[in-house]
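Observations on the model geometry
Residue strings, one per chain:
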Amino acid sequence: MAEFVHLHVHTQYSLLDGAIRIDDLLRLTAEYGMPAVATTDHGTLFGAIEFHEKATKAGIHPVIGCEMYIAARSRFDKSSADSRELCHLILLAETQEGYRNLCRLATAAQLEGFYYKPRIDRELLQECSRGLIGMSACLHGEIPRRILEGRMDLADQAARTYLATFGENRFFLEIQNNGIAEQERVNQALIDMSRRLSVPLVASNDCHYLSREDVRAHDVLLCIQTGKTVNDSERLKFRTDQLYFKPAAEMAAYFKETPEALSRTVEIADRCRLEFDFKTYHFPNFDTRGPQSVEAHFEEKTRAGFERIMARVRAKNPQADEALYRERLDYEIGVVKDMGFPSYFLIVADFIRFAKERGIPVGPGRGSAAGSLVAYCLGITDLDPIAHGLIFERFLNPARKSAGGTTSRRSSPSASSRPGP
Ligand SMILES: [Zn+2]
Ligand SMILES: [Zn+2]
């Protein structure tokens, strides 16, 4: 069987544009005997981690990519003419650095370049191109556009620029199998260009839905996106019903003249290797602004807070069992340090202190965080867990750690139990 991997795929995270669910995509990839698959959602990486985790679990090699929108001029330029000139470009993360660059690009696209679509620009791409592989994308790619305009000179120029941006063997001309007449012309021109400029070809199918039968559902999705009805003759409509996840044999039959464009998909997928560390916590580090370690600083602050709250406890209840409080304090400090949370506690305490100093209302503590004496000592919460009989282990549970719980994100102070107002 011909070896082929889809490197241009839009999942449901190409919002109201992709009709492919990640689970279904992986099932079909396995069914077709494809060793790998990429996701290249439009302008976002929303689904990247879910995809990577699920694919890895399913034994399919995941390639994380993105189909970026590139502004004609600057990403800061928000004029209507500019939005019509928006070009597509496929980026795949080859290395860890590439993934970080992809994240930077996707973030800037939303925060700085958003104008109808999340956009980057050439300047930013130049800055963030390391570790990335580029592909020339669909008919909305810059090179296909120039070809269709009859400007081969500009098409060549664009290809040279991308080559210089990504580097040798990191930029590919994408030929697609979608049955659109213009695509045929573009494919021929790209094959010519590939020989002329020594830019390798890669085959793809710009998948927007899994099977051919899904084309109608996808069309409805487009209507929802554009606020039109299916009966509207003037609306945005895809010009083909072939943007489905084609099996390798179908791709091979179509691209029989350029078999290297098929096998190259497997090579590219193989080069793109990312590993994510989900086993350790990635909290920001608290800066103690001195030689003191975060752990020592945390303990000092907590114990100082303890003396203050004990004065309050004693005033309220002279019978209070101070030994019980001290025992609980030592225990909690030990657990927090042991589980690596001192920075986290200090940072949350800093938020709450900041809010209180400025009269921003914060509640007395929410969820299971209220069960922590340390949180009370640091001013994160405002209630005495011992007087109220609240259990610390509901918040942080060292037993889950010894049972391998540190490897689970669930053992961190989770969304539902995060100390907060
Ligand atoms: Zn595209
Ligand atoms: Zn696409």
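Residues numbered from 1 in each chain as written. Chains lettered and ligands numbered in written order. Predicted model: local features only at pLDDT ≥ 70, side-chain atom pairs only at ≥ 80, totals over all residues. Heavy atoms only, no water.

Here we come to the coordination of the zinc ion (ligand 1). The zinc ion (ligand 1) binds to the protein through Glu 67 (OE), His 88 (ND1) and Cys 138 (SG); the donor distances cover 2.0 to 2.2 Å. Going along the chain, you hit the donors of the zinc ion (ligand 1) in the pattern E-x20-H-x49-C. Between the two metal centres, the zinc ion (ligand 1) and the zinc ion (ligand 2), the spacing is 3.4 Å, with Glu 67 acting as a shared donor. With a gap of 50 residues between them, His 88 in strand β3 (residues 87-93) and Cys 138 in the loop between β5 (132-135) and α6 (142-148) connect regions that are remote in the sequence. On the basis of relative accessible area, His 88 is assigned to the buried category, the value being 10%. Among the residues examined, Cys 138 registers a relative accessible area of 7% and is labelled buried. (Donors = N, O, S within 2.8 Å, 3.2 Å for Na, K, Ca; no water. Helix = DSSP H or I, 4+ residues; strand = E, 2+ residues; numbered from the N terminus. Buried < 20%, exposed > 50% of the residue type's maximum accessible area, 1.4 Å probe, protein only.)

Time to look at the domain arrangement of the protein. What the domain assignment reports for the protein is domain 1 (22-271) and domain 2 (294-411). For domain 1 and domain 2, the distance between their C-alpha centres works out to 49 Å. (Domains from an automatic or database assignment.)

A complete count under the given rule lists 33 salt bridges for this structure. With its nearest N and O atoms 3.1 Å apart, the salt bridge here joins Arg 130 to Glu 97. In this pair, Arg 130 is assigned in the loop between α5 (122-127) and β5 and Glu 97 in helix α4 (residues 96-111), connecting sequence segments 33 residues apart. Accessibility expressed as a relative area gives 58% for Arg 130, which makes it exposed. Judged by its relative accessible area of 32%, Glu 97 is partly exposed. (Salt bridge = Lys/Arg side-chain N within 4 Å of Asp/Glu carboxyl O.)

Taken together, His 8 (NE2), His 10 (NE2), Glu 67 (OE) and Asp 206 (OD) make up the protein donors of the zinc ion (ligand 2), found 2.0 to 2.2 Å from the metal. If you look at the zinc ion (ligand 2), its four donor atoms make angles of 79 to 169° with each other, and the shape they trace is irregular. On the primary sequence, the residues serving as donors to the zinc ion (ligand 2) are separated as H-x1-H-x56-E-x138-D. Taking relative accessible area as the criterion, His 8 reaches 0% and is therefore assigned buried. Here Glu 67 falls in the buried class, since its relative accessible area comes to 0%. (Tetrahedral: all angles 85-135°; square planar, octahedral: opposite > 155°, others 65-115°.)

A contiguous nonpolar patch, built from Leu 15, Leu 16, Phe 46, Val 220, Ile 224 and Val 230 and spanning about 520 Å² of accessible area, is present on the exposed surface. Here Leu 15 shows up in the segment before α1 (22-31). Judged by relative accessible area, Leu 15 falls into the exposed class, the value being 57%. (Patch = residues over 30% accessible without salt bridge, like charges linked within 9 Å, V, L, I, M, F, W, Y side chains within 5 Å. Areas by Shrake-Rupley, 256 points an atom, 1.4 Å probe, with all protein chains shown as cover.)

The subject of this paragraph is the packing of α1 against helix α2 (residues 48-58). Running from amino to carboxyl end, α1 crosses α2 at an angle of 35°, the nearest separation of the two axes being 10 Å. As α1 runs across α2, the sense of the crossing is right-handed. Across the interface between the two elements, Ile 22, Asp 23, Leu 25 and Leu 26 from α1 touch Glu 50, Phe 51, Lys 54 and Ala 55 from α2. (Axes fitted to C-alpha atoms, helices over the stretch in contact; angles between N-to-C directions. Left-handed = near helix turned anticlockwise from the far one by under 90°. Contact = heavy atoms within 4.5 Å.)

It is worth spelling out the environment of Tyr 254 at this point. Summarising the element assignment, Tyr 254 is placed in helix α10 (residues 248-254). Sequence separation of Tyr 254 and Asn 178 is 76 residues, and the distance between their C-alpha atoms is 9.9 Å. Every residue in contact with Tyr 254, bar those within four places of it in the chain, is listed here: Gln 176, Asn 177, Glu 184 and Asn 187.

All right, on to the nonpolar core then. If you look at the biggest cluster of nonpolar residues, it comprises 63 residues, and the most contacted ones within it are Leu 91, Leu 102, Leu 105, Leu 125, Ile 143, Leu 190 and Phe 245. Those residues in contact with Phe 245, other than ones at most four positions away along the chain, are His 6, Val 9, Leu 25, Leu 28, Thr 29, Tyr 32, Met 34, Val 37, Cys 207, Tyr 209 and Leu 210. Of all hydrophobic cores here, the second largest spans 34 residues; its members include Val 336, Phe 341, Ala 369 and Val 374. (Core = buried A, V, L, I, M, F, W, Y, C linked by side-chain atoms within 4.5 Å.)

Below, the discussion takes up the environment of Glu 112. Of note, Glu 112 is situated in the loop between α4 and β4 (119-120). Using a relative accessible area of 30% as the deciding quantity, one classes Glu 112 as partly exposed. Linking Glu 112 and Asp 77, residues 35 residues apart in sequence, is a C-alpha distance of 9.8 Å. With near-sequence residues (within four places) excluded, Glu 112 lies in contact with Arg 75, Phe 76 and Lys 78.

This paragraph deals with a positive patch on the surface. Together, Lys 301, Arg 308, Arg 312, Lys 316 and Lys 356 line one region of the surface with positive charge. Sort the elements by how many residues they give to the positive patch and helix α12 (residues 294-316) lands first, with four residues. Relative to the assigned elements, Lys 301 resides in helix α12. With a relative accessible area of 43%, Lys 301 lands in the partly exposed category. (Lys, Arg positive; Asp, Glu negative; His and termini not counted. Charge placed at Lys NZ, Arg CZ, Asp CG, Glu CD.)

So, on to the pairing of strand β7 (residues 201-204). Of the two faces of β7, the one lined by Leu 201 and Ala 203 and the one lined by Val 202 and Ser 204 are each fully buried. Sheet topology places strand β6 (residues 171-176) next to β7; four bridges connect them, and they run parallel. Residue pairing in the sheet places Ile 175 in a bridge with Ala 203 of β7. Where the polypeptide runs from β6 across helix α8 (residues 181-197) and back to β7, its parallel neighbour, the crossover connection is right-handed. (Pairing = 2+ DSSP bridges. Right-handed = clockwise from strand over helix to strand, strands pointing away.)

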